[in-house]
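Overview (structure and organization)
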Amino acid sequence: MEKLVAIFFSAILVMCCGSLVRSDAIDHHYKAGDLVPLYANKVGPLNNPSETYRYFDLPFCFPVADYVIEKKETLGEVLNGDRLVSAPYKLEFLSEKDSQVVCRKNLTKEEVSQFRNVIKRDYYFQFYLDDLPLWGFIGMINRLDSTGQNERYLLFKHLQFEVLFNKDRVIGINLTNTNAVADLTEDRGLLVDFVYTVIWKETDTIFEDRMKNYLPSFSSPNYFHIHWNSLSNSFVTILFLTGCLVAFYMRVLKKDFMEHTYDEVLADDQEEKGWKYILGDVFRYPNHKSLFAVVLGSGTQLFTLTILILILGLVGVFYPCNRGNLLTALVVIYAITSGIAGYTSTFFYCQLEGENWARNLLLTGCLSCGPLLFTFCSLNTVAIAYKATAALPFGTILLIVVLWIFVAFPLLVLGGIAGKNRKVEFQAPCHTTKCPRDIPPLRWYRGVLPQMALAGILPFSVIFVELSYIFTSVWGYMFYILYDIIFVVFIILLIVTALVTVALTYFQLAAEDHKWWWRSFLCGGSTGLYVFGYCFYYYYARADMSGFLQISFFFGYMACISCGIFLMLGTVGFLASLLFVRHIYGSIKCD
């Protein structure tokens, strides 16, 4: 078993390092006149980050045949929708140009209409110069009056590149549009001269700090203040919950223990009540124990995935210059950690005296990959219909399939076999009676749904502030680098989830309701439902997204993420409750 664990983590390190290290990482030293690589990436409406298209899907000047270069991209870059191709603009190091003509293009009536439609939707374009991103708008609408009746559609035809350099390295890039525009208001053909200007300016910024201009913490003095205030409030929440539970333990549970053990003779004569009354039923196995073991296995896998991703973020693997590393890490580590899902699910299933462990293992594989596969296929079909860059090429799909067949599935099976062979009986301090007790009628607020709604409030309040920044980063254009803060927030989230679930489990047992297994899992995972509810708030109140493609991608992927949060925190809530229940029933005499 120890060898299996060692091999497993060695595989994680080798595959992660091999997948996340960019072989073409930019650290170029240039001489005067050297061509600085400039790539055109994609275009799309500003408010729809998932709806992007290839740059040359629009009738821009196309590079000459011998200059067209498609940049080789990593798995994460392809998943992010990046499709880099050499731009028609040539920038030589320290070589300035003034109104250099790229091409003279005779736009047809259809091409003018195409440009006019994208200007109406606020399309932007994205370039990469020496691996530094830069954005610009394709055009603008000039409204001549407040009524909106007289609108002029203007195409920017003159780009000005202001490049910052330090000695022989490129440090920064600014892109501006001049007053030279082409009026596309009339529905007719037009001759347009596309030109550009290049200006070089020296700076004292060192190469290692060149990405700081893209980070929000350096542009907003209150950025860290907001995050640390949120952390302070979360710490206060933890202290409050811990204090309440400690006081409760000292005054209620300790009193119950003393009453039960003070006088053995009196204890035998007295009729038990509350949580002590159901000691013969509290460790009765839950209904649908195969499914229960499966969700615990998937939750454990997602918990491990989250920890590894946060650790990689802390060591700087996901720094903004490392494009695509986050998505690559998610795919690779998710495939590797399938062994953990198989091991945990089968191990717990066998502890619950399950017999068909192979079927349980198959169900684990279906739950861990089924929803993702369905979502991916559906969204990829939508992207193909829209001809968006989010549609994955056949080679990338084949790579993911190979990763599942030759990495994820074998590790899932190996983990399941290891879990089956580890024959450990379920540790229950009390014997379970043959006939279950009837659960007394409970008030409405002790039902599953009210308890889930109550359980998710505090954990969600812990992550609310960071969640807004994460949404802005994932569904916007802001870089997120505060992995140290999000790691602390994640630890606080786990603690609060555990404390809240333990408290609700006690109140359930005190009401003589012994079906706490599924309840503790559902209450612990209810934060995932709050996160999905926040998606609707973000979509309608914070974002300005529109269109079927963007709606599909936003709610499709956020449903998967929310489901993952539900499984992960549900597992944490159940395990915390299991330790608590074992402790309190192990502290009293069980005949």
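What you are looking at is a predicted structure, and each value in this text was computed from that prediction instead of being measured.

What counts as what
Residues numbered from 1 in each chain as written. Predicted model: local features only at pLDDT ≥ 70, side-chain atom pairs only at ≥ 80, totals over all residues. Heavy atoms only, no water. Axes fitted to C-alpha atoms, helices over the stretch in contact; angles between N-to-C directions. Helix = DSSP H or I, 4+ residues; strand = E, 2+ residues; numbered from the N terminus. Left-handed = near helix turned anticlockwise from the far one by under 90°. Contact = heavy atoms within 4.5 Å. Nonpolar A, V, L, I, M, F, W, Y, C, P; charged D, E, K, R; others polar. Buried < 20%, exposed > 50% of the residue type's maximum accessible area, 1.4 Å probe, protein only. Polar contact = N/O pair within 3.5 Å; in protein donor to acceptor, adjacent residues only side chain to side chain. Core = buried A, V, L, I, M, F, W, Y, C linked by side-chain atoms within 4.5 Å. Disulfide = S-S within 2.5 Å. Pairing = 2+ DSSP bridges. pLDDT = per-residue confidence, 0-100.

Attention shifts here to the packing of helix H6 (residues 289-314) against helix H14 (residues 517-542). For the pair H6 and H14, interaxial distance at closest approach is 12 Å and the crossing angle is 30 degrees. Handedness of the crossing formed by H6 with H14: left-handed. Contacts between H6 and H14 involve Leu291, Phe292, Val295 and Leu296 on the former and, on the latter, Trp517, Trp518 and Phe521. In terms of residue class, the contact of H6 with H14 is built from seven nonpolar, no polar and no charged.

On to the environment of tyrosine 469, then. Turning to its location among the elements, tyrosine 469 is positioned in helix H12 (residues 457-474). Accessibility expressed as a relative area gives 16% for tyrosine 469, which makes it buried. The spacing of tyrosine 469 and phenylalanine 479 is 10 residues in sequence and 9.5 Å in space, taken between C-alpha atoms.

Our next topic: the side chain of threonine 300. One can find threonine 300 in helix H6. Here leucine 296 takes part through its backbone oxygen, which lies 2.7 Å from a polar atom of the side chain of threonine 300. Not counting residues within four places of it along the chain, the set of residues in contact with threonine 300 comprises Ile340, Thr344 and Thr571.

A few words now on the nonpolar core. Generally speaking, a soluble globular protein has its nonpolar side chains buried in company with each other. Counting residues in each nonpolar core, the largest one holds 85 residues, and the members touching the most others are Phe471, Leu509, Phe554, Phe574 and Tyr585. If we ignore the near neighbours within four places in the chain, the residues touching leucine 509 are Gly274, Trp275, Ile278, Val282, His514, Trp516, Val581, Ile584 and Tyr585. Core analysis: the second largest hydrophobic core is formed by 55 residues, Tyr153, Val163, Ala182 and Ala388 among them.

Once that is clear, we can look at the state of the cysteines. Using the criterion set out here, one finds one disulfide in the structure. Note on cysteine connectivity: cysteine 61 is disulfide-linked to cysteine 103, with sulfurs 1.6 Å apart. Where cysteine 61 bonds to cysteine 103 through sulfur, the torsion about that S-S bond is close to -65 degrees, and the disulfide is left-handed. Remark: cysteine 103 occurs in strand E6 (residues 97-107) and cysteine 61 occurs in the loop between strand E3 (53-54) and helix H2 (75-79); sequence separation between them is 42 residues. In this model cysteine 369 remains outside any disulfide bridge; the closest cysteine sulfur is found in cysteine 366, 8.8 Å from its own.

This part takes up the sheet that holds strand E9 (residues 139-143). The pairing of strands in a sheet happens through backbone hydrogen bonds and is either parallel or antiparallel. Spatially, E9-E10-E13 is the arrangement adopted by the three strands of the open sheet, whose pairing is antiparallel. A single partner strand is all that each edge strand has here, and the edge strands are E9 and strand E13 (181-183). In this sheet, neighbouring strand axes are inclined to one another by 35 degrees on average, regardless of whether the strands run parallel or antiparallel. Pairing of E9 with strand E10 (residues 151-156), which is carried by five bridges, proceeds in the antiparallel orientation.

The subject of this paragraph is the side chain of aspartate 82. Along the chain, aspartate 82 falls in the loop between H2 and strand E4 (85-86). Taking the relative accessible area as the measure of exposure, aspartate 82 reaches 2% and is therefore buried. Within the structure, aspartate 82 has its side chain in polar contact with the side chain of lysine 42 (distance 3.2 Å). Residues contacting aspartate 82, with those up to four places away along its chain left out, are Asn41, Lys42, Glu73, Glu77, Gln126 and Arg323.

Turning our attention to the confidence of the model for the chain. With 86% of its residues at a pLDDT of 70 or more, the chain shows a mean pLDDT of 85. A low-confidence stretch, residues 21-25 stays under pLDDT 50, and its non-local contacts, those more than four residues away or across chains, total nine contacts.

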